[in-house]
Amino acid sequence: MSTLDTREVWLRGPLPDMPALMQPVAHALLQAQEELTAALHNFPVELLWERPAGVASVGFHLQHLTGVLGRLLTYARGEALSEVQLAYLAAEGQPATAVSTAELLAAFGRQVEVSLQQLRATDPATLTEVRGVGRAQVPSTVIGLLTHAAEHTMRHLGQLLVTARVLQQAAR
């Protein structure tokens, strides 16, 4: 009989087939996915776009988590954003009333999987290579973009968790 490992992802050991230098980024993304799934299980769709005290909505954070992760990894590959990514960016924060919390969580989960595949395929020798960010091509590096993807995900996760808790408490 197996038991659920409740330790944080980074304490569970190395991920299979993940380069050593990519482990912290992968751990952060998987931790975010687990925490989102747990915190938003049965989160009421009618609260998804509420903005208590004017803060960003849970729906925005879920959209942004998915979109920004894809954008940062695109830049890490040395590519420009696609038209689909630009359209997604323009729509972030717009209440999508036809979408459920589960659908937004699933979209983030798919983006995490794509990101893990890219991390596994990242040659550690490329980590210090310069990559341009955005239309202005602001210089960063592959490791800078990947690290920012992890920390930015965790920053928005924290904001989302607080907003969700406030909304759920007020709805009681």
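Everything below is about the structure printed above this text.
In this text, all values refer to a predicted model and were calculated from it rather than measured experimentally.

Asker: Break down the overall build of the protein for me, citing the residues and quoting the values.
Answerer: Counting its regular elements, the protein contains five helices and two strands. Listed N to C, the secondary structure of the protein is α-α-α-α-β-β-α in terms of helices and strands. Taking 172 residues into account, the globule formula puts the C-alpha radius of gyration at 16 Å, and the protein, at 17 Å, falls close to it. When its C-alpha atoms are laid out on the principal axes, the protein stretches across 55 × 50 × 25 Å. A burial count over the protein gives 42% of its 172 residues as buried. As presented, the protein carries roughly 9,500 Å² of accessible surface, and 60% of it is formed by carbon and sulfur atoms. Averaging the locations of the 12 positively and 15 negatively charged side chains of the protein gives two centres separated by 3 Å.

Asker: So what's going on with helix α2 (residues 58-76)? Residues and values would help.
Answerer: Helix length check: α2, at 19 residues, gives a terminal C-alpha distance of 27 Å against a target of 27 Å (1.5 Å per residue), a fit within 8%. With 18 of 19 residues buried, α2 is to be regarded as a mostly interior element. Once α2 finishes, Gly 78 follows within two positions and takes phi at roughly 80°, a positive value.

Asker: Explain the nonpolar core to me, and be specific about the residues and the numbers.
Answerer: Leu 36, Leu 40, Phe 43, Val 58, Leu 62, Leu 119 and Leu 146 are the most contacted members of the largest nonpolar core, which totals 43 residues. Once you skip the residues sitting within four places of it in the chain, Phe 43 turns out to touch Leu 48, Val 58, Thr 101, Ala 164, Leu 167 and Gln 168.

Asker: Tell me what's going on with the pairing of strand β2 (residues 138-141), and back it up with residues and numbers.
Answerer: Two elements, strand β1 (residues 130-133) and β2, share four bridges in a ladder whose sense is antiparallel. Note that in β2 the partner of Val 130 across the bridge is Thr 141. Taking the residues between adjacent antiparallel strands as the criterion, β1 and β2 are bridged by four residues, where Gly 134 takes a positive phi near 75°.

Here is what the cut-offs are and how they apply
Residues numbered from 1 in each chain as written. Predicted model: local features only at pLDDT ≥ 70, side-chain atom pairs only at ≥ 80, totals over all residues. Heavy atoms only, no water. Helix = DSSP H or I, 4+ residues; strand = E, 2+ residues; numbered from the N terminus. Rg over C-alpha atoms; globule rule 2.2 N^0.38 Å. Buried < 20%, exposed > 50% of the residue type's maximum accessible area, 1.4 Å probe, protein only. Areas by Shrake-Rupley, 256 points an atom, 1.4 Å probe, with all protein chains shown as cover. Lys, Arg positive; Asp, Glu negative; His and termini not counted. Charge placed at Lys NZ, Arg CZ, Asp CG, Glu CD. Expected span 1.5 Å × (residues − 1). Core = buried A, V, L, I, M, F, W, Y, C linked by side-chain atoms within 4.5 Å. Contact = heavy atoms within 4.5 Å. Pairing = 2+ DSSP bridges.

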